[in-house]
Amino acid sequence: MEHPLSIYNTLTRKKEQFIPLHEPHVGMYVCGPTVYGDAHLGHARPAITFDLLFRYLTHIGYKVRYVRNITDVGHLEHDADEGEDKIAKKARLEQLEPMEVVQFYLNRYHKAMDALNVLPPSIEPHASGHIIEQIELVKKILDNGYAYESEGSVYFDVEKYNKDHNYGVLSGRNIEDMLNTTRALDGQDEKHNPIDFALWKCAQPEHIMRWPSPWSNGFPGWHCECTAMGKKYLGQHFDIHGGGMDLIFPHHECEIAQAVASQGEDMVHYWMHNNMITVNGQKMGKSLGNFITLDEFFTGDHKMLSQAYSAMTIRFFILQAHYRSTVDFSNEALQAAEKGLSRLMDAYNHLQKLTASDASTVDVKDLRRKCYDALNDDLNSPIVISHLFDAARAINSVKDGNATISAEDLKELQDVFHTFIFDILGMRDEASAGGNNYETFGKAVDLLLTIRQQAKANKDWATSDKIRNELTAMGFDIKDTKDGAEWKLSK
Ligand code: ZN
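Cut-offs and rules
Residues numbered from 1 in each chain as written. Predicted model: local features only at pLDDT ≥ 70, side-chain atom pairs only at ≥ 80, totals over all residues. Heavy atoms only, no water. Helix = DSSP H or I, 4+ residues; strand = E, 2+ residues; numbered from the N terminus. Buried < 20%, exposed > 50% of the residue type's maximum accessible area, 1.4 Å probe, protein only. Donors = N, O, S within 2.8 Å, 3.2 Å for Na, K, Ca; no water. Axes fitted to C-alpha atoms, helices over the stretch in contact; angles between N-to-C directions. Parallel < 35°, antiparallel > 145°, perpendicular 65-115°, else oblique. Left-handed = near helix turned anticlockwise from the far one by under 90°. Contact = heavy atoms within 4.5 Å. Nonpolar A, V, L, I, M, F, W, Y, C, P; charged D, E, K, R; others polar. Pairing = 2+ DSSP bridges. Right-handed = clockwise from strand over helix to strand, strands pointing away. UniProt positions renumbered as here; feature names shortened; annotations may be inferred. Polar contact = N/O pair within 3.5 Å; in protein donor to acceptor, adjacent residues only side chain to side chain. Salt bridge = Lys/Arg side-chain N within 4 Å of Asp/Glu carboxyl O.

Focus: unusual backbone geometry
At step 1: In this structure, the amide linkage connecting Glu23 to the following residue, Pro24, adopts the cis form with an omega of 5 degrees.
At step 2: The linkage connecting Phe249 with the following residue, Pro250, adopts the cis geometry, with an omega of 5 degrees.
At step 3: With respect to the helices and strands, the residue Pro250 is situated in helix H8 (residues 248-263).
At step 4: Even without being a glycine, Asn280 presents a positive backbone phi close to 45 degrees.
At step 5: With relative accessibility at 54%, the residue Asn280 sits in the exposed group.

This is the structure we're talking about:
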């Protein structure tokens with residue numbers, strides 16, 4: 001590939017050059033949501049981080065198969081292994097079918113992802129649709145001697161596995177420390193050891209989500225789904241597995257153990273994790289009362305929000321931090337992101353109207369290379385954005401008549417801006433247009449305004465007023481300038 005990409009591999013704890021197993025194909029698996037509630041800011045971050053990676057890999061020429069799963073069974077309340085199933089609990093409380101809960105929140109999740117301009121993955125498999133594959137995985141691990149059956153459930157034998165392999169290789173934990181800190185919860189007497197994790201759980205009589213298996217009527221342990229579905233859709237060995245840092249332990253550690261115990265080696269070549277979002281320095285969580293859903297951001301309807309924030313403001317806010325740094329939510333930080341984004345979008349819009357001169361006094365030659373260099377350095381989106389801000393300053397000085405730009409440089413700048421802002425960073429221009437069709441939409445409004453200019457020149461005031469009044473009634477702000485008119489969608 002023309003662009004050598006380096007990414008930080010959580011497993012080796014260093015930046016590595018990205019070399020796919022089967023160029024130009026790339027297999028990428030990202031742990032998706034457990035759909036029992038509305039998506040919040042914490043869901044936006046992995047979705048946007050891996051959307052950036054998906055867009056960038058595609059942009060530089062790879063053919064990416066991106067799998068993002070839907071967890072709709074087996075995610076229990078306590079560390080995924082004990083307590084009630086999160087979806088079954090919601091279904092019980094709301095007197096719904098568990099799959100009604102899943103569908104309801106999944107539809108809402110998709111809407112929120114669309115608003116954030118997160119591209120849909122290539123495949124979005126449901127855990128409940130892959131029970132057979134998960135049972136096969138559990139059988140393999142049992143056959144290889146790394147699991148045991150107890151009271152109709154099957155548990156992974158962590159100590160036995162650790163004698164032959166290394167449990168803790170991803171998280172850097174060791175089992176002695178884990179043994180000292182693992183608390184025995186109800187039902188753990190079934191386990192030989194409190195650090196063992198469930199591969200299959202026998203369903204209690206009141207448990208509604210259950211399937212037949214060789215061991216009991218029950219349901220798979222949470223960690224099984226990603227190992228089984230990753231293998232099914234991406235093969236025994238694939239390139240990238242991603243998710244939030246909070247999934248490193250136990251979820252991804254257990255996935256590695258399951259893969260090694262079933263097929264002798266891990267499936268994944270590069271493990272990637274995005275950092276967390278904090279709220280005023282604290283972890284975001286339902287119990288902490290600082291939990292803000294994406295819809296609440298979009299409407300401003302939450303006591304911690306001083307205003308509504310558009311989906312693109314949220315996206316820009318997240319991309320302004322490197323994915324491995326923490327992001328702290330505050331109204332001030334989001335307002336700054338909103339301002340920054342509109343500065344960039346204004347510059348983009350001015351850029352379309354600049355007139356070229358014979359020579360440039362602004363230097364835009366290296367912009368494209370600098371942006372690629374930043375992304376190739378472990379997806380450094382904040383550096384890309386800072387280069388674009390530098391370019392925005394150059395655009396403004398040309399616009400204000402303090403600098404000039406040649407036709408060739410102008411074309412290059414327009415192309416670089418478009419490529420990085422829209423195609424790779426995945427922004428949409430919300431102010432001058434709505435949705436994906438901003439360009440076509442904008443051109444149509446420009447055309448109406450040109451017709452209005454001609455009507456004015458012909459002293460056809462009826463036509464000129466009609467266009468102006470009707471656009472205003474539709475929600476456009478029309479401002480007359482000395483050589484035409486500018487427009488904006490009013491809020
Ligand atoms: Zn997963």
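Describing the coordination of the zinc ion
At step 1: Donor atoms from the polypeptide that bind the zinc ion are Cys31 (SG), Cys226 (SG) and His251 (NE2), placed at 2.0 to 2.2 Å.
At step 2: Sequence positions of the residues that donate to the zinc ion give the spacing C-x194-C-x24-H. Here Cys226 lies in helix H7 (residues 224-234) and Cys31 lies in the loop between strand S3 (25-30) and helix H1 (41-59), a separation of 195 residues in the sequence.

Points about the packing of helix H11 (residues 331-351) against helix H13 (residues 381-399)
At step 1: In contact at an axis separation of 9 Å, H11 and H13 are set at 50 degrees when each is read in the N-to-C sense. With respect to H13, the axis of H11 lies oblique. Seen along the crossing, H11 lies across H13 with a hand that is left-handed. Between H11 and H13, the contacting residues are Gly340, Arg343, Leu344, Ala347, His350 and Leu351 on the first element and Leu388, Phe389, Ala392, Arg393, Ile395, Asn396 and Lys399 on the second.
At step 2: A class-by-class count of the residues in the contact of H11 with H13 yields 7 nonpolar, 3 polar and 3 charged.

Thoughts on the pairing of strand S12 (residues 268-274)
At step 1: Of all 7 residues in S12, 6 are buried, a share of seventy percent or more.
At step 2: Sheet topology note: the strand S11 (residues 238-244)/S12 ladder contains 6 bridges and is parallel. Across the sheet, the residue bridging to Gly242 is Met272, located in S12.
At step 3: In this view, the connection linking S11 to its parallel neighbour S12 by way of H8 has right-handed handedness.

Points about the UniProt feature "short sequence motif: 'HIGH' region" (unreviewed entry) in the chain
At step 1: Mapped onto the present numbering, the UniProt feature "short sequence motif: 'HIGH' region" (unreviewed entry) falls at residues 33-43.
At step 2: Secondary structure content for residues 33-43 is 27% helix and 0% strand, and the end C-alpha separation is 7 Å.

Looking at the side chain of Gln134
At step 1: Within the element layout of this structure, Gln134 appears in helix H4 (residues 131-143).
At step 2: Residue class for Gln134 comes out buried when judged on its relative accessible area of 1%.
At step 3: In terms of polar contacts, Gln134 uses its side chain to reach the backbone amide nitrogen of Glu225, at 3.2 Å.
At step 4: For Gln134, the contacting residues outside a window of four places in its chain are Ala127, Pro220, Gly221, Cys224, Glu225 and Ala228.

Section: the environment of Phe297
At step 1: With respect to the helices and strands, the residue Phe297 is situated in helix H9 (residues 294-299).
At step 2: Owing to a relative accessible area of 1%, Phe297 belongs among the buried residues under this scheme.
At step 3: Sequence spacing of Phe297 and His40 is 257 residues, and the spatial spacing of their C-alpha atoms is 8.9 Å.
At step 4: Phe297 has contacts with Leu41, Ile292, Leu305, Ala308, Tyr309, Ile314, Phe329 and Leu334, leaving out every residue within four places of it along the chain.

What about the sheet that holds S3?
At step 1: Pairing within the open sheet is parallel, and its 4 strands lie in the order S4-S3-S11-S12. Whereas interior strands pair on both sides, the edge strands pair on one side only; in this sheet they are strand S4 (63-68) and S12. Each strand of the sheet is rotated relative to its neighbour by a mean of 20 degrees, with strand direction disregarded.
At step 2: Taken together, the 3 bridges between S3 and S11 define a ladder with parallel strand orientation. Within S11, the position partnered with Met28 by the bridge is Ile240.

A closer look at the pattern of salt bridges
At step 1: In this structure the tally under the stated criterion is 21 salt bridges.
At step 2: The partner of Glu136 in a salt bridge is Lys139, with the nearest N and O atoms 3.3 Å apart. In this pair, Glu136 and Lys139 are both assigned in helix H4, 3 residues apart and thus about one turn of the helix distant.
At step 3: Judged by its relative accessible area of 33%, Lys139 is partly exposed.
At step 4: Between Asp480 and Lys456 there is a salt bridge; the shortest N-O distance is 3.6 Å. Taken together, the positions of Asp480 in strand S16 (residues 476-481) and Lys456 in helix H15 (residues 438-457) put the pair 24 residues apart, joining distant regions of the chain.

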